[in-house]
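Chains, contacts and geometry: an overview
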Amino acid sequence: MLRRRGLAARHHLIPGDAFETEFGTGYDLVLITNFLHHFDIPTCTQFLRKVHAALAPGGRAAIVDLVPNDDRISPPTAAAFSLMMLATTPTGDAYTLKEYEAMAKDAAFTRTELTPPTIGLDRLIVAYK
């Protein structure tokens, strides 16, 4: 799809440990897909700070994940996923939008927005530098 849209030269993967590998700088967009739920809030915030530092002015982080409502019991799939994270990770969780907003703010992002649910069960949260 990237080749068809003429974007292949603008996309690349960085191999290695996401917490140890240097990202570089100057990115317009960093994709964070189904990753943050594996870690606790302080670790996620630390990672988001690293992403923020890698972004160009006006850059964005696109966070794709299951996001439960504030009641943490709906929608059902996100709530069940939260239980799975509790059972299968040392500190992971399915974070609410308020939790993602707080992490992004603590990582120096200026604002976040939740996009309409058009990508299946996952939600897209955009954090702006």
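Bear in mind that the values here come from a model prediction, so they are computed numbers and not experimental data.

**A look at unusual backbone geometry**
Residues Ser74 and Pro75 are joined by a peptide bond in cis, for which omega reads -10 degrees. If you trace the backbone, Pro75 turns up in the loop between strand S2 (55–65) and helix H2 (76–88). In this model, Arg72 sits at a positive phi of 65 degrees, which is unusual for a non-glycine residue. With respect to the helices, strands and loops of the structure, Arg72 is situated in the loop between S2 and H2.

**A look at the packing of aromatic side chains**
Taken as a whole and judged by the stated rule, the model has 7 aromatic pairs. For the ring pair Phe19 and Phe47, a centre distance of 5.6 Å and an interplane angle of 70 degrees mean the geometry is edge-to-face. A residue pair is termed long-range when its members are at least 10 positions apart, and Phe19 in the segment before strand S1 (27–33) and Phe47 in helix H1 (residues 41–54) qualify at 28 residues. Classification of Phe19 as partly exposed rests on a relative accessible area of 26%. Exposure remark for Phe47: the relative accessible area of 6% places this residue in the buried category. Looking at Lys50, its charged tip hangs above the ring of Phe23, at a distance of 4.2 Å from the centre. Of note, Arg111 hangs over the ring of Tyr128, and the distance from its end group to the ring centre comes to 3.8 Å.

**Comments concerning the pattern of salt bridges**
What the rule picks out here adds up to 4 salt bridges. Between Asp70 and Lys98 there is a salt bridge; the shortest N-O distance is 3.3 Å. Linking Asp70 in the loop between S2 and H2 with Lys98 in helix H3 (residues 97–106), this pair joins segments that are 28 residues apart in sequence. Since its relative accessible area comes to 46%, Asp70 is described here as partly exposed. Ionic pairing is found between Arg72 and Asp93, a salt bridge with its closest N-O pair at 2.9 Å.

Conventions used here
- Residues numbered from 1 in each chain as written.
- Predicted model: local features only at pLDDT ≥ 70, side-chain atom pairs only at ≥ 80, totals over all residues.
- Heavy atoms only, no water.
- Helix = DSSP H or I, 4+ residues; strand = E, 2+ residues; numbered from the N terminus.
- Phe/Tyr/Trp six-rings, centres within 6.5 Å; stacked < 30°, edge-to-face > 60°.
- Buried < 20%, exposed > 50% of the residue type's maximum accessible area, 1.4 Å probe, protein only.
- Lys NZ or Arg CZ within 6 Å of the ring centre and 35° of its normal.
- Salt bridge = Lys/Arg side-chain N within 4 Å of Asp/Glu carboxyl O.

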